[in-house]
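Residues per chain are reported as follows:
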Amino acid sequence: MNHDISTNLFAAALDCLREPDPTRKVEATRRAAALWRDGCLGLDPLEPPVVIDEPGRPERPLLVAPRELAKRSAKGERGRAALIHAVAHIEFNAINLAWDAVYRFRGLPPDYYADWVQVADEEAYHFDLMRGRLRDHGFDYGDFPAHDGLWSMARRTAHDPLVRMALVPRVMEARGLDVTPGMIARLRGAGDEKTAACLDIILRDEVGHVAAGSRWFAHLCAIRGLDPQETYFELLSGYLSGEIRCPLNRGDRARAGFSAPELERLEALCAGGARRRGGGRTD
């Protein structure tokens, strides 16, 4: 059965998810989000979601192991461009992750879909911001290698929205809350106020994205009669061996739905991980 991407949210989400060209993916995302806001996209069920092992993405950047990535630094034109490219790549992947959260998981409240459509729209805006800064530096998206960590976690959590909410927004995206203030400070220190201002916008919006993950994780735990905190730490242990990096941005994490006991337990995991690594850096 064919479904009209201008009337059905799941069809529109799949169209955005499959689009490989970054410019067209952003355009499709902004268009779908506008249709949703205008009440034009329904939640009529499609056939069960197809398996999407790889989202639509361009041939470049080359995907490599994290250790093979170019050195990123706020100092020097090329190092700064590599830093900006890394953020642009995260934002591009985040568009796919948001649409996957819409398309893959069915039967959830309308507000769930509203949250993740808004996230997709904001991630598309973030990608455009960072791609614009890359171009200002004489580069473009795809000019540096990148890694596939975000989408790898999408594959691992494809079976269950509860696991997805716990491990993508509340681990991988929450890590962005921890590291972005330091990047902003380094960029300002290097005199790159424009890129720092872009990251200010991204950090502000990402608090809301992690908060959406916290909200729907708690909702799914409540439906299943699970304790959110215990379930979260069980998933961290099962999927990530309890490895958490510090320091944590406690203020923004609290605004994004992390409780004080959760933050204390996360910091204890950081300390334990540092000891296992022989006291090395945890950032």
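Structural data are supplied above this passage.
Summary of the structure given here.

Parameters and conventions
Residues numbered from 1 in each chain as written. Predicted model: local features only at pLDDT ≥ 70, side-chain atom pairs only at ≥ 80, totals over all residues. Heavy atoms only, no water. Disulfide = S-S within 2.5 Å. Helix = DSSP H or I, 4+ residues; strand = E, 2+ residues; numbered from the N terminus. Buried < 20%, exposed > 50% of the residue type's maximum accessible area, 1.4 Å probe, protein only. Core = buried A, V, L, I, M, F, W, Y, C linked by side-chain atoms within 4.5 Å. Contact = heavy atoms within 4.5 Å. Salt bridge = Lys/Arg side-chain N within 4 Å of Asp/Glu carboxyl O. Arc of directions from axis to C-beta.

The final tally for this structure, using the stated rule, is one disulfide. Residue pairing for Cys246: its cysteine sulfur links by disulfide to Cys270, the two sulfurs lying 1.9 Å apart. Between Cys246 and Cys270 the disulfide shows an S-S torsion of about 75 degrees. By sign, it is right-handed. Separated by 24 residues along the polypeptide, Cys246 in the loop between helix 8 (228-240) and helix 9 (250-255) and Cys270 in helix 10 (residues 260-276) bring together distant segments of the chain. Taken individually, Cys246 and Cys270 each receive the classification buried, so the pair is uniform in this respect. Counting only cysteine sulfurs, Cys40 is the nearest neighbor of Cys16, a cysteine outside any disulfide, at a range of 15 Å. Taking the relative accessible area as the measure of exposure, Cys40 reaches 37% and is therefore partly exposed.

Looking now at the nonpolar core. The tendency in soluble globular proteins is for nonpolar side chains to be buried as a group. Core analysis: the largest hydrophobic core is formed by 86 residues, its most contacted members being Trp99, Tyr112, Trp116, Tyr232 and Leu266. Broken down by element, this core gets its largest block of residues, 14 residues, from helix 3 (residues 77-104). Setting aside residues up to four positions removed in sequence, Trp99 forms contacts with Leu9, Ala13, Cys16, Leu17, Thr29, Ala32, Val117 and Ala120.

With that settled, the discussion passes to the pattern of salt bridges. For the coordinates displayed, the defined rule picks out 27 salt bridges. With its nearest N and O atoms 2.8 Å apart, the salt bridge here joins Asp160 to Arg224. Of this pair, Asp160 sits in the loop between helix 5 (149-156) and helix 6 (161-189) while Arg224 sits in helix 7 (residues 193-224), and the two are 64 residues apart along the sequence. The class for Asp160 is buried, based on a relative accessible area of 13%. Because the salt bridges share partners, they merge into one network encompassing Asp53, Glu54, Arg57, Asp148 and Arg155.

Restricting attention to buried positions, one finds in helix 5 the residues Leu150, Trp151, Met153 and Ala154. Here the buried residues of helix 5 occupy an arc of 155 degrees about the axis, which is enough to place them on one side.

In this structure, Leu150 sits in helix 5. Under the relative-accessibility criterion, Leu150 is labelled buried at 13%. Placed 57 residues apart in sequence, Leu150 and Asn93 show a C-alpha to C-alpha distance of 6.7 Å.

Without other data, these values stay purely geometric and don't point to any function.
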